[in-house]
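Each chain, letter by letter, is given below.
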Amino acid sequence: AQSVTQLDSHVSVSEGTPVLLRCNYSSSYSPSLFWYVQHPNKGLQLLLKYTSAATLVKGINGFEAEFKKSETSFHLTKPSAHMSDAAEYFCVVTGQETGNQFYFGTGTSLTVIP
Amino acid sequence: ETGVTQTPRHLVMGMTNKKSLKCEQHLGHNAMYWYKQSAKKPLELMFVYNFKEQTENNSVPSRFSPECPNSSHLFLHLHTLQPEDSALYLCASSPGDREYYEQYFGPGTRLTVT
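Predicted model, so just to flag it, every value in this text is computed and none were measured. (Residues numbered from 1 in each chain as written. Chains lettered and ligands numbered in written order. Predicted model: local features only at pLDDT ≥ 70, side-chain atom pairs only at ≥ 80, totals over all residues. Heavy atoms only, no water.)

Caption draft 1: Layout of the overall build of chain A. In terms of helices and strands, chain A carries 0 helices and 12 strands. Sequence-ordered secondary structure for chain A, helices as α and strands as β, is β-β-β-β-β-β-β-β-β-β-β-β. For chain A, the C-alpha radius of gyration of 13 Å lies close to 13 Å, the compact-globule estimate for 114 residues. Taken along its principal axes, the extent of the C-alpha atoms in chain A is 40 × 30 × 20 Å. Scored against the burial criterion, the 114 residues of chain A give a buried share of 44%. Here chain A holds 7 positive side-chain charges and 8 negative ones, and the gap between their average locations is 5 Å. (Helix = DSSP H or I, 4+ residues; strand = E, 2+ residues; numbered from the N terminus. Rg over C-alpha atoms; globule rule 2.2 N^0.38 Å. Buried < 20%, exposed > 50% of the residue type's maximum accessible area, 1.4 Å probe, protein only. Lys, Arg positive; Asp, Glu negative; His and termini not counted. Charge placed at Lys NZ, Arg CZ, Asp CG, Glu CD.)

Caption draft 2: A look at the confidence of the model for chain A. Averaged over all residues, the pLDDT of chain A is 92; the fraction at 70 or higher stands at 97%. When the elements of chain A are averaged for pLDDT, strand β11 (residues 103-104) of chain A gives the smallest value, 90, and strand β3 (residues 19-21) of chain A the largest, 98. (pLDDT = per-residue confidence, 0-100.)

Caption draft 3: Structural context of the interface of chain B and chain A. Counting from both sides, the interface comprises 20 residues of chain B and, opposite them, 20 residues of chain A. Each partner contributes to the roughly 1600 Å² buried at the junction of chain B and chain A, and carbon and sulfur atoms together form 54% of this total. At the junction of chain B and chain A, the tally comes to 1 salt bridge. A salt bridge links Glu102(B) to Lys49(A); the shortest N-O distance between them is 2.6 Å. Counting every contact that joins chain B to chain A gives 4 residue pairs in polar contact (both at pLDDT 80 or more). For the side of chain B that touches chain A, the per-class residue count stands at 10 nonpolar, 4 polar and 6 charged. (Contact = heavy atoms within 4.5 Å. Buried area = accessible area lost by both parts, 1.4 Å probe. Salt bridge = Lys/Arg side-chain N within 4 Å of Asp/Glu carboxyl O. Polar contact = N/O pair within 3.5 Å; in protein donor to acceptor, adjacent residues only side chain to side chain. Nonpolar A, V, L, I, M, F, W, Y, C, P; charged D, E, K, R; others polar.)

Here's what the structure looks like:
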């Protein structure tokens, strides 16, 4: 069955330092993978998506993620954290196994220290 | 209005009340979704509508009743809720229900059942 695991429930970085949010997935077929961000009291906003094209995906606000099939990973990175990046981040997997439903990870809360 | 809107943004209701949540999308999409977001739990898909037809009901209790009169509007009718139903209810839409389509989320309705 398809599933997604976000390896860290909370990540804390200093402003201007790199961000790494880890996501591993489980899938027997080629999945589609997404990263969403949720700021307090807001809905979810799409950061980027992977749908079997280029394995390095660039998203909004300087974020990018690399699909690594051998490691079943889809980690989210950003070279330099900004205060406005503080939010909850969700990794999502979908595909044939899930009936094209979205399956969300439990989320990673990112804190940015000034 | 652009994107996906939800009303009301906040709702407090007693266990014997009947209320409805409304979602409207201005994106020309064909699929709409209801999710429940509870603290410390992954987002839970509740219902899926594609071209106004319900295609998914994830074992949701009958005290939640969805309605999709057209591809732009989605309602969630609530009656005799329980305190554990208190959560953020998110509406989303997508061009269709294929795995490569991203979903666009509204800001949510914060529901408190007293």
